[in-house]
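# Remarks on the overall topology
The primary structure of each chain is shown beneath.
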Amino acid sequence: MEIVTFSPEAESDRDLNASLSLDIIAIHGLNGNQLNTWTEPKSKNLWLRDFLPKDLQASRVMAFGYNATAAFDHSVAGIRDHARSLLGALLEKRDKSFALVIAEQEIPYKQIYNSTLGVIFFGTPHQGSSIANYATTITHNLLILANKPNAELLESLRTGSPVLKQLNDDWKTHHERRPYEIVSFYETRTMKGLRGLIVEKTSALLTPPSEVPTYEEQIPVGATHRDMCRFATPNDKTYKAVVQKIKRIQQGCEVKATHEFYVVPHSASLHFTGRNDIREQLNDSLLSYRTSKSQQRFVLYGLGGSGKTQVSLKFAEDNRESFWGIFWIDASSEETAKEGFANLARACKQEESVESVKAWLSRKKHWLLILDNVDNPDLDVSAFFPSQERGAILITTRNPDLRSYGTGTGNASSHCVDKLCLEDAVALLLKTAAIKDLQGENVRKVAERIVNDLGGLALAIIQAGAVIRQGICSLDEFCDLYPKQKREVLESGRSISSIEFYQYSVFTTWEISIKKIEEISDEYARLGLELLRIFSFMHFDGIRKDIFKSAIENSLSATDVPGFKGSLLARLMPEKWDGLLWGKAMKLLLAFSLITTSHSGLISMHPLVHLWSRERMSVSERSDTWKTTMATLSMSVTDFPADEDQRKRHLLLPHIDSLLEHDNRQYVASVPDDLGEEYRAVLKFHLAYGEGWQFQKALRIVQAHLKSKESILNPKDECYTSLRYLVGLDLHCLHRFRASIETLEPLIKELPESSHYSLVLPTVATLGGCYNCLKEYRTSLNLCKEVMERFGDCFKNEVPEILSIYLVMGGALSGLKRPKEALTWSTKAVLGFQKLYGMAHSRTSAAMGYLARNYQALNDIEKACDWQEKCVKTMRECLGTNHPTTIVQEDLLMYYAAQRSRNILSRKKVLGRRKAYLDQLSKQVGDKHFRTLVCQARLAQDYLFCASFKKAMLMQEICVETMIQEFGQDDERTAEVIAQLATTKRWIKIRKVLYWWLPDGLLK
């Protein structure tokens, strides 16, 4: 007994075997063998060897041979013994098997059981054969004469055989636990010399004649029992059918035993109904990634609320075991997508960046990446695609233009998720409404009327079902209530001109839910409605309970926060956080499907619900809710410098973005009573943006707030002067140093001495930093000395503002070629920050970076590298490896390291890392940011040092062009890069002179 492999021929080639995605093994019947059974006698074509490998190139094709001479043989092996022989041979091959009942029951063969996908039967006598009855009788007499043992195998195939009956019963039980794809071919022609078929149709099929086949595909073959599995050409009708069925079975291959990751934050609705056409299309398109040589992508597009996300969730759940990993990303914006990749990285213990996750997936097989809500037309979704050779990607979007990202042609790569068909829509409504009489004629008529009124939109139908399920109204009553409520919405006078008409049915359904919640007199209902309004100004996904809990807890010790303390949330929880009240409010919103929660407790709203919740308010309601949301977000965080506080502020950024996106300045306070609270909120939001290197947003929010208060505040008011300082600070961070100086120089003269800690010292530090960056070191040093003389007593206390001035002085002295004095002040600053915050803090780490620069100015590169390494290590711990500050400091470390080892080999090692840092900075802060340009200029210098002159020149030319656009041609930083470009061009000319005899192609 053995297995013969027809394809691939090179069985020992490990790489080739690893590329195979399917194993096919053929098992012959009685009196057959592993070659002749499958060989057409005239043409001598063995289709397993000659045809099948060409049609299924990623497959291994094998045949099992066993002792099939049923009579006149000493072997007493029965069906089960042959099955065990097959399993043993397969175990040696470490591949698949069809002796499934035994494989399931016996532990050594479990891997074969887990890997098997389907079975194709050719005239298999499941119920026995009448021919076997006749043969057994004749054989029995002959065996007595020949003194041979009874042929157990032939005995087992008699009609009514107890062995066969037991095996069929076992198979039935097994198949119920683990269904397979089953295809049964049955003969329709008798063999010459016989009156009947070798295997009758009723015996060749697993499904009894009285039952409808649900799991078995039954195919007649116009051939005899012997010829039904022999094919002369690949054009044979039966052969084509066999290939087609194998390809279908192949869908679902290989990953059941290797599933590892399921990073999907949501679950499909328990009431999910229909969409069979889309689900079939998804199966055909995305489950074929294993046999395809390229990445498979599919796009679901259509209007919001049509069920795109739910279809994706259902596909993920149904095919969880068909992929090694399934990963979900909210791609509604670039920020949420990056955060989604970060979450994915944390769950899978990878580096927290989009590129690292993409690279990780590119090295894996059998994964599904779902990019949900790709609705922003300015978002380049292809930037989130891993390698184009592996895996599958499912995109959901409202934008039909994204169909171009699908693979395949026409409908094979995308599907418009439109309204549900009438049957599915009715079924969904009755399910979600928990109506038991699903087939009642009257019930279905009323349901049809409702779903037609709702436009067949899945989300609207689910909402309507929730209204009925909650006992708010009956099915019949809904038909009366809906039109009345619809008219009220349309005639209410609220601004809905910007909303498409197709959304009205959804909005009306939600209005009914709101009205019913308003009828509940309990506090939790009032809180639920208030929270729904607040949610509508936050980002619709990733809303955390901790935001509201922290806001309550922080407000208990706050005094001057009338906006927040006047909110319903604060009034209902005046003394402490009330988790029970919160839970009841959330449960009510969940009951009406107005929100959803993830497994981790994150709250989400469908984007349409999010829009509707805001649009349904009057202008005054929106203004009040906007202020309440601003006060809540502000109160949920502090402005403390601790790294943990920074992380909390970072988590608020999507919600701050959403809040400010919906601020058209009609909501901003115009009365002095609210200015203090709004001012503090602006400061915290500004701080969060600055810590995230989103300086342009930070500048925008301050400038907008400053403009709105010009007519209200006194120019000498501390709030007003603080905002002016922040404008200067943001300009400094954007490396617009001259503009920063023009803002801060007049301010420093106007500031009163009493504001030294809060404004004068930070202003001096920022202004001095601008002078240093413009190489006006003497002006910077004089400014620092002046402020030290002016506030001499204050400098006895080492507070952060004073330590920052020490760092500025160190930079100025270093620029003036007084490195030892600079070292003294920088060391003093490091020790001061260490005393205030400890070594493991980002501010201490930043000071270490300044100290490293001073050692570099002293040409003590070893100590410069040592301190810079400490700086980088602390930055990684405090801010993470992907924070722009960390990347910039790592780039500096490479710069120092290159100076320490001035040889081509070490510089070439730096090239790859510098390229990676440049890519990271470009993605994090943009191609035009000064730090990106600095990194680009350094990479060009690395190329120059490694004698790659043309690469260096090309990069420097791009850098010069960008710097001229951003900072002007007269800027010293631009001039420095122009000088570097001139040096590179000179070297190119020198090489051409020296190596004139070499072709240009050899001169890099």
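This one's a predicted model, so the numbers in the text were calculated from it and none came from an experiment. (Residues numbered from 1 in each chain as written. Predicted model: local features only at pLDDT ≥ 70, side-chain atom pairs only at ≥ 80, totals over all residues. Heavy atoms only, no water.)

Across its full length, the protein chain carries 43 helices and 14 strands. Per-residue burial for the protein chain yields a buried fraction of 52% across its 1004 residues. In the protein chain, of all internal contacts separated by at least 6 residues, the share reaching a separation of at least 24 is 72%. Here the protein chain has roughly 47,000 Å² of accessible surface; of this, 51% comes from carbon and sulfur atoms. (Helix = DSSP H or I, 4+ residues; strand = E, 2+ residues; numbered from the N terminus. Buried < 20%, exposed > 50% of the residue type's maximum accessible area, 1.4 Å probe, protein only. Contact = heavy atoms within 4.5 Å. Areas by Shrake-Rupley, 256 points an atom, 1.4 Å probe, with all protein chains shown as cover.)

One side chain can pair with another of opposite charge once the charged atoms of both are near each other. In total, this model carries 28 salt bridges according to the counting rule given. Close ionic contact of Arg49 with Asp50 constitutes a salt bridge, the shortest N to O distance being 2.9 Å. In this structure, the salt-bridge partner of Arg724 is Glu750, at a minimum N-O distance of 2.7 Å. Here Glu750 lies in helix H32 (residues 737-750) and Arg724 lies in helix H31 (residues 718-733), a separation of 26 residues in the sequence. Look at Arg724 and you get buried, because its relative accessible area is 16%. Through salt bridges with shared partners, a single ionic network connects Glu181, Glu217, Lys245 and Arg248. (Salt bridge = Lys/Arg side-chain N within 4 Å of Asp/Glu carboxyl O.)

A few words now on the sheet that holds strand E5 (residues 181-187). Spatially, the three strands line up as an open sheet ordered E4-E5-E6, and their pairing is parallel. The open sheet is flanked by strand E4 (118-122) and strand E6 (216-221), the only strands paired with a single partner. Between one strand and the next, the sheet's axes are offset by a mean angle of 15°, whatever the strand orientation. Of the strand pairs in this sheet, E5 and E6 are connected by six bridges, and their pairing is parallel. (Pairing = 2+ DSSP bridges. Axes fitted to C-alpha atoms, helices over the stretch in contact; angles between N-to-C directions.)

Our next topic: unusual backbone geometry. Ser7 connects to Pro8 through a cis peptide bond whose omega is 0°. Checked against the element boundaries, Pro8 lands in the loop between strand E1 (2-7) and helix H1 (14-18). The phi dihedral of Lys44 falls on the positive side, at around 65°, and the residue is not glycine. Its place among the elements puts Lys44 in the loop between strand E2 (22-27) and helix H2 (47-50). The exposure class assigned to Lys44 is exposed, which follows from its relative accessible area of 59%. One non-glycine residue, His735, lies in the positive phi region at around 60°. Here His735 shows up in the loop between H31 and H32.

Right, let's get into a nonpolar patch on the surface. On the surface, a cluster of nonpolar side chains totalling about 310 Å² of accessible area is made up of Trp987, Ile990 and Leu994. The partly exposed category is assigned to Trp987, whose relative accessible area is 42%. (Patch = residues over 30% accessible without salt bridge, like charges linked within 9 Å, V, L, I, M, F, W, Y side chains within 5 Å.)

Between helix H35 (residues 800-815) and helix H36 (residues 819-837), the shortest axis-to-axis distance is 8 Å and the interhelical angle comes to 160°. Looking at the two axes, H35 sits roughly antiparallel to H36. Classified by chirality, the crossing of H36 by H35 is left-handed. Of the residues in H36, those touching H35 at Pro800, Leu803, Ser804, Tyr806, Leu807, Met809, Gly810, Leu813 and Ser814 are Pro819, Glu821, Ala822, Trp825, Ser826, Lys828, Ala829, Gly832, Phe833, Leu836 and Tyr837. Within the contact of H35 with H36, the residues separate by chemical class into 13 nonpolar, five polar and two charged. (Parallel < 35°, antiparallel > 145°, perpendicular 65-115°, else oblique. Left-handed = near helix turned anticlockwise from the far one by under 90°. Nonpolar A, V, L, I, M, F, W, Y, C, P; charged D, E, K, R; others polar.)

It is worth spelling out the pairing of strand E9 (residues 325-330) at this point. Most of E9 is tucked away: six of the six residues are buried. Alternating residues of E9 divide into Gly325, Phe327 and Ile329 and Ile326, Trp328 and Asp330, and every residue in both groups is buried. The pairing of strand E7 (residues 261-263) with E9 spans three bridges and is classified as parallel. Bridging across to E9, Tyr262 finds its partner in Ile326. Sheet analysis places E9 next to strand E10 (residues 367-372), joined by six bridges and oriented parallel. Counterpart to Gly325 in the pairing with E10 is Trp367.

Before going further, it helps to spend a moment on the nonpolar core. Counting 165 residues, the largest nonpolar core has Leu429, Phe535, Phe548, Trp582 and Leu594 as the members making the most contacts within it. Looking at which element gives the most residues to this core, the answer is H35, with nine residues. Counting 29 residues, the second-largest nonpolar core is a separate cluster that includes Val221, Phe231, Ala241 and Ile249. (Core = buried A, V, L, I, M, F, W, Y, C linked by side-chain atoms within 4.5 Å.)

Here we take up the sheet that holds strand E12 (residues 414-416). An order of E7-E9-E10-E11-E8-E12 is seen for the six strands of this open sheet, with the pairing classed as parallel. Of all strands in the sheet, those bounded by a partner on one side alone are E7 and E12. Within this sheet the neighbouring strands show an average axis-to-axis angle of 15°, counted without direction. Set on the sheet, helix H13 (residues 308-318) makes contact with E7, strand E8 (296-301), E9, E10 and strand E11 (392-397); between it and E11 the angle comes to about 160°.

To continue, consider helix H21 (residues 523-535). With 13 residues, H21 extends 18 Å from end C-alpha to end C-alpha; this agrees with the ideal 18 Å at 1.5 Å per step. If you check which residues of H21 are buried, you get Ala525, Leu527, Gly528, Leu529, Glu530, Leu531, Leu532, Ile534 and Phe535. (Expected span 1.5 Å × (residues − 1).)

Here H21 crosses helix H25 (residues 579-591) at 70°, and the two axes come no closer than 8 Å. Viewed along their axes, H21 and H25 adopt a mutual orientation that is roughly perpendicular. Handedness of the H21/H25 crossing: right-handed. On H25, the residues touching Glu523, Tyr524, Ala525, Leu527, Gly528, Leu531, Leu532 and Phe535 of H21 are Leu581, Trp582, Lys584, Ala585, Met586, Leu588 and Leu589. Across the contact of H21 with H25, the residue classes tally to 12 nonpolar, one polar and two charged.

Taking 1.5 Å as the rise per residue, H25 with 13 residues should run 18 Å; its terminal C-alpha atoms sit 18 Å apart, in good agreement. Taken together, the buried positions of H25 are occupied by Leu581, Trp582, Ala585, Met586, Leu588, Leu589 and Ala591. For H25, the side-chain oxygen to backbone nitrogen distance between the N-cap and Leu580 is 3.2 Å, and the N-cap itself is Asp578. (Polar contact = N/O pair within 3.5 Å; in protein donor to acceptor, adjacent residues only side chain to side chain.)

Of all six residues in E10, six are buried, a share of seventy percent or more. The alternating pattern of E10 places Trp367, Leu369 and Leu371 and Leu368, Ile370 and Asp372 on opposite faces, both of which are buried. For E10 and E11, the ladder comprises four bridges, and the chain directions are parallel. Bridge assignment links Ile370 to a residue of E11, and that residue is Leu394.

Before going further, it helps to examine the packing of aromatic side chains. Here the structure, examined in full by the defined rule, presents 25 aromatic pairs. Centre to centre, the rings of Phe261 and Trp360 are 5.7 Å apart; their planes meet at 75°, and the pair counts as edge-to-face. Remark: Trp360 occurs in helix H15 (residues 354-362) and Phe261 occurs in strand E7; sequence separation between them is 99 residues. This pair shows no difference in class: Phe261 is buried, exactly as Trp360 is. Here the aromatic cluster, defined as three or more aromatic residues joined through ring pairs, consists of Trp38, Trp47, Phe51, Phe122, Phe185, Phe231 and Tyr239. The ring centre of Trp867 lies 4.2 Å from the NZ or CZ of Lys870, which sits over that ring. (Phe/Tyr/Trp six-rings, centres within 6.5 Å; stacked < 30°, edge-to-face > 60°. Lys NZ or Arg CZ within 6 Å of the ring centre and 35° of its normal.)

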